[in-house]
Amino acid sequence: MSDDDRPSALRRKAGAGRAPPETGQPSLDRVLRLALAQAAEGVAGLALIAGPVEDVRTTLAALTETLSETTLMALLEGPDSRFGLAVLDGDLVAALIEVQTTGRVVPRRAEPRVPTRTDAVMCADMIDRVFEIVEDKAAAAGLPDAPQLSGYRFALALGEPRTVGLTLADQPYRRFSVPVDLGGGAKSGRIDLVLPAEPPRPAHAGGGDAGFAAAMAAQVMSSGVALSATLCRIEMTLAKLTALAPGQILTIPARALSEIAIEDLGGAMVGRGRLGQSNGHRAVRLTLDPAPPDPPPSAPPEPPDPPQPPDVAL
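Computed from a predicted structure; not experimentally measured.

Rules used in this analysis
Counting restarts for each chain, with residues numbered from 1 along the sequence as it is written. Local features in a predicted model are, by the rule used here, given only for residues with pLDDT of at least 70; side-chain atom pairs are given and counted only at 80 or more, and totals for whole chains, interfaces and linings are based on all residues. In computing side-chain values, all of the structure's heavy atoms are included and hydrogens and water are not. Here a strand is any run of E in DSSP of at least two residues, a helix any run of H or I of at least four, and the numbering for each starts at the N terminus. Note that accessible areas follow from Shrake-Rupley with a 1.4 Å probe, and for residues the cover is restricted to the protein chains shown. Buried Ala, Val, Leu, Ile, Met, Phe, Trp, Tyr and Cys residues form a nonpolar core when they are joined through side-chain atoms within 4.5 Å. When accessible area is computed with a 1.4 Å probe and restricted to protein chains, residues below 20% of their type maximum are described as buried, those above 50% as exposed, and intermediate ones as partly exposed. The criterion used for residue contact is that any of the two residues' heavy atoms lie within 4.5 Å. Between N-to-C directions, angles cover 0 to 180 degrees, with each direction set by a line fitted to C-alpha atoms, over the stretch in contact for helices. For classification, angles of less than 35 degrees are called roughly parallel, those exceeding 145 degrees roughly antiparallel, those between 65 and 115 degrees roughly perpendicular, and all remaining angles oblique. Only Asp, Glu, Lys and Arg are considered charged, only Ala, Val, Leu, Ile, Met, Phe, Trp, Tyr, Cys and Pro nonpolar, and every remaining residue, Gly among them, polar. By this rule, a helix spans an expected 1.5 Å times one less than how many residues it contains. Arc definition: directions from the helix axis to the C-beta atoms. Any carboxyl oxygen of Asp or Glu within 4 Å of a side-chain nitrogen of Lys or Arg constitutes a salt bridge here.

Before going further, it helps to spend a moment on the overall build of the chain. Counting its regular elements, the chain contains nine helices and 11 strands. Entry remark: accessible area of the chain is about 19800 Å², with carbon and sulfur atoms responsible for 56%.

Right, dumping it as structure tokens:
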């Protein structure tokens, strides 16, 4: 290429060599490509042109088989404890590092290496910015995929592919693969955004606070509660307690049979009951007493052992 064929500095500033602006009805492909270009330029000053988006369904097992230790695997945390993955190949990582440290992209392929924590930190802002732009533009365009792409942010970098299989849920995923031109042709890379295939469920059914309150009430009222029936409490010394044996008789007040205390797990009394039987088994009949229940009856404490005379040496 001769010097006359190269864009002058003035023409580059005017936009020569860049992809022409897209017009027409917004689409998910266009939103993703625009978000990548704007995020790279705005966060790192990197000229990035995104190619056509490949949108495929995949499984966790199939995903992990395609990953490499030389790619940056960033865990994405989304709404409702949902997680995804952003995969940046070595050339994209190198371009982001080079342009932020030297101001230019070196025009050669990056040497394969395992990404470091520093690499992840320097790429995290761009990843977050991509999803911020996607959320805004997808919602503004009314795209049906907007809920599925919203709420995700960089969480941490995963060191190796097998960690991905242990971290992500085993469910269907949607993988967006995008080839990218970096630094005006200095490098060519790829980014993959992997998100759960099913969009998040609405926070609650119904409309407004009334629907939420009804859903919450139904959930609470269907929850299990553990209660205990306390017949009587008996105080005794530790020595007598450890000396108890099967068949030994403990004396309790007669009124304890009709004043059983119903207690929660914390020991707080929530009602009363009466000892009886049902189908040949011991049972407690609850009594509806609106008055605050008295504490369960207590048996008189066991009398202390009589003092033993001291040994006398003869």
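So, about the nonpolar core. Within the largest apolar cluster, 45 residues are counted, with the highest numbers of intra-cluster contacts made by Leu-46, Leu-48 and Leu-88. Of all the elements, helix 5 (residues 117-141) adds the most residues to this core, at nine residues. Beyond its immediate sequence surroundings of up to four residues, Leu-48 is in contact with Leu-36, Ala-37, Ala-40, Leu-92, Met-126, Val-180, Asp-181 and Leu-182. The next biggest cluster of nonpolar side chains, apart from the first, holds 12 residues, and it includes Leu-67, Val-87, Leu-168 and Val-194.

With that out of the way, let us pick up the packing of helix 4 (residues 90-101) against helix 5. Put simply, helix 4 and helix 5 touch, their axes get as near as 10 Å, and they point 90 degrees apart. On the basis of their axis angle, the class for helix 4 and helix 5 is roughly perpendicular. Residues Val-93, Leu-96, Ile-97, Gln-100 and Thr-101 of helix 4 touch helix 5, and the partners they reach there are Asp-119, Met-122, Cys-123 and Met-126. Residue composition of the contact of helix 4 with helix 5, by class: six nonpolar, two polar and one charged.

In this model helix 2 (residues 28-44) runs 24 Å from its N-terminal to its C-terminal C-alpha over 17 residues, within 8% of the 24 Å that 1.5 Å per residue would give. All of the buried residues along helix 2 are Leu-28, Val-31, Leu-32, Ala-35, Leu-36, Ala-39, Ala-40 and Ala-44. Buried residues of helix 2, seen end-on, are gathered within an arc of 150 degrees and therefore sit on one face of the element.

A word on the pattern of salt bridges. Applying the stated criterion across every chain, the model contains 10 salt bridges. Residue Asp-55 is joined to Arg-174 by a salt bridge in which the shortest nitrogen-to-oxygen separation is 2.7 Å. Placement of the pair is Asp-55 in strand 2 (residues 54-58) and Arg-174 in strand 6 (residues 173-182), with a sequence separation of 119 residues. Looking at Asp-55, the relative accessible area reads 37%, which means it is partly exposed. Two residues, Asp-119 and Arg-113, come together in a salt bridge whose shortest N-O distance is 2.7 Å. Here Asp-119 falls in the buried class, since its relative accessible area comes to 5%. Linked by salt bridges that have partners in common, Asp-55, Asp-145 and Arg-174 make up one network.

All right, on to unusual backbone geometry then. In the Ramachandran plot, Asp-80 falls in the positive-phi region, its phi being about 55 degrees despite a non-glycine side chain. Note on placement: Asp-80 falls in the loop between strand 3 (72-77) and strand 4 (83-88). Owing to a relative accessible area of 59%, Asp-80 belongs among the exposed residues under this scheme. If you check the backbone angles, Ser-81 has positive phi at about 55 degrees while not being a glycine. Along the chain, Ser-81 turns up in the loop between strand 3 and strand 4.

So yeah, pure geometry; function would need other evidence.
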